[in-house]
Amino acid sequence: QRPLPGKKWPRVQGTMVDGVPFCEGIAILLLAVYIFLGVSILCDSHLCPALDKLCDYLKMPTALAAATFISFGSSAPEIIISTLGAQTNKTELSIPAVLVSALIAFGAI
């Protein structure tokens with residue numbers, strides 16, 4: 001396709017999606033990987049031992065506790081937002097929180 005008369009072709013040299021320069025895109029990607037690795041190291045050093053102690057205290061299997069507590073921890077923000085939205089009659093907070101979290105959960109599975 002040719003541009004309309006009097007219009008120029010858009011310049012796309014060295015850019016990624018939405019006009020983000022290539023170097024900034026690489027920096028954002030590296031930062032995301034760094035944060036992901038940091039969270040995984042933190043979980044290995046703190047969350048897993050705490051979960052083991054909790055399992056011993058409650059005398060429940062580790063697999064059951066992991067499935068219960070980890071799933072609650074990942075959905076706790078949506079539960080809190082939905083509860084606050086329901087108490088204040090602001091459904092514009094609660095409905096999108098539930099729908100988006102469901103879309104993300106089922107999309108990841």
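The rules we used
- Residues numbered from 1 in each chain as written.
- Predicted model: local features only at pLDDT ≥ 70, side-chain atom pairs only at ≥ 80, totals over all residues.
- Heavy atoms only, no water.
- Helix = DSSP H or I, 4+ residues; strand = E, 2+ residues; numbered from the N terminus.
- Buried < 20%, exposed > 50% of the residue type's maximum accessible area, 1.4 Å probe, protein only.
- Contact = heavy atoms within 4.5 Å.
- Areas by Shrake-Rupley, 256 points an atom, 1.4 Å probe, with all protein chains shown as cover.
- Patch = residues over 30% accessible without salt bridge, like charges linked within 9 Å, V, L, I, M, F, W, Y side chains within 5 Å.
- Salt bridge = Lys/Arg side-chain N within 4 Å of Asp/Glu carboxyl O.
- Disulfide = S-S within 2.5 Å.
- Expected span 1.5 Å × (residues − 1).
- Bend = angle between axes of the 7 residues up to and from the residue.
- Axes fitted to C-alpha atoms, helices over the stretch in contact; angles between N-to-C directions.
- Parallel < 35°, antiparallel > 145°, perpendicular 65-115°, else oblique.
- Left-handed = near helix turned anticlockwise from the far one by under 90°.
- Nonpolar A, V, L, I, M, F, W, Y, C, P; charged D, E, K, R; others polar.

Asks: Please explain the overall build of the protein chain as it appears in this structure.
Replies: Each helix and strand in the protein chain was counted, giving three helices and zero strands. Burial analysis of the protein chain (109 residues in total) assigns 8% to the buried set. Across the protein chain, every contact between residues at least 6 apart in sequence was considered, and the portion connecting residues at least 24 apart equals 0%. With the model as given, the accessible surface of the protein chain reaches about 9,500 Å², and the carbon-plus-sulfur share is 72%.

Asks: Just to check I follow, could you spell out unusual backbone geometry for this structure?
Replies: Phi is mostly negative for residues that are not glycine, and the peptide bonds are mostly trans. The residue K59 is not glycine, and still its phi comes out positive at about 55°. Exposure remark for K59: the relative accessible area of 74% places this residue in the exposed category.

Asks: Would you mind showing me how to read a nonpolar patch on the surface here?
Replies: Together, L29, V33, F36 and L37 make up an exposed nonpolar region whose accessible area comes to about 420 Å². On the secondary structure map, V33 appears in helix α1 (residues 22-58). Residue V33 is classed as partly exposed on the basis of its relative accessible area, which comes to 43%.

Asks: Just to check I follow, could you spell out the state of the cysteines for this structure?
Replies: Here, the word disulfide means a covalent bond between the sulfur atoms of two cysteines. This structure, assessed with the given rule, holds zero disulfides. The structure places no disulfide on C43, whose sulfur is separated from the nearest cysteine sulfur, that of C48, by 7.1 Å. With relative accessibility at 30%, the residue C43 sits in the partly exposed group.

Asks: Explain helix α2 (residues 62-87) here, please?
Replies: Count 3.6 residues to each turn of an α-helix, and residues three or four apart come out pointing the same way. When the terminal C-alpha atoms of α2 are compared, their 35 Å separation across 26 residues agrees well with the 38 Å that a helix rising 1.5 Å per residue should span. Along its length, α2 reaches its greatest deviation from straightness, about 50°, at S75, and the proline P77 lies no more than four positions downstream. Once α2 ends, the next one or two residues include N89, with phi positive near 60°.

Asks: Looking at this model, I keep getting lost on α1. Mind explaining?
Replies: An ideal rise of 1.5 Å per residue puts 54 Å on 37 residues; α1 measures up with 51 Å between its terminal C-alpha atoms. Residue C43 marks the point of greatest curvature in α1, where the axis turns by about 40°. Inspection of α1 places G25, L51 and C55 among the buried residues, and these make up the whole buried set. Buried residues in α1 make contact with α2.

Asks: Where do I start with the packing of α1 against α2 in this structure?
Replies: Pairs of packed helices are described in terms of their axes, by the angle between the two and the distance that separates them. Packing of α1 against α2 brings their axes to within 10 Å, and their N-to-C directions diverge by 120°. By the angle between their directions, the pair α1 and α2 is classed as oblique. At the point where α1 passes α2, the crossing takes the right-handed sense. Mapping the contact onto sequence places L47, L51, D52, L54, C55 and L58 in α1 and T62, A65, A66, F69 and I70 in α2. Among the residues forming the contact of α1 with α2, the class breakdown is nine nonpolar, one polar and one charged.

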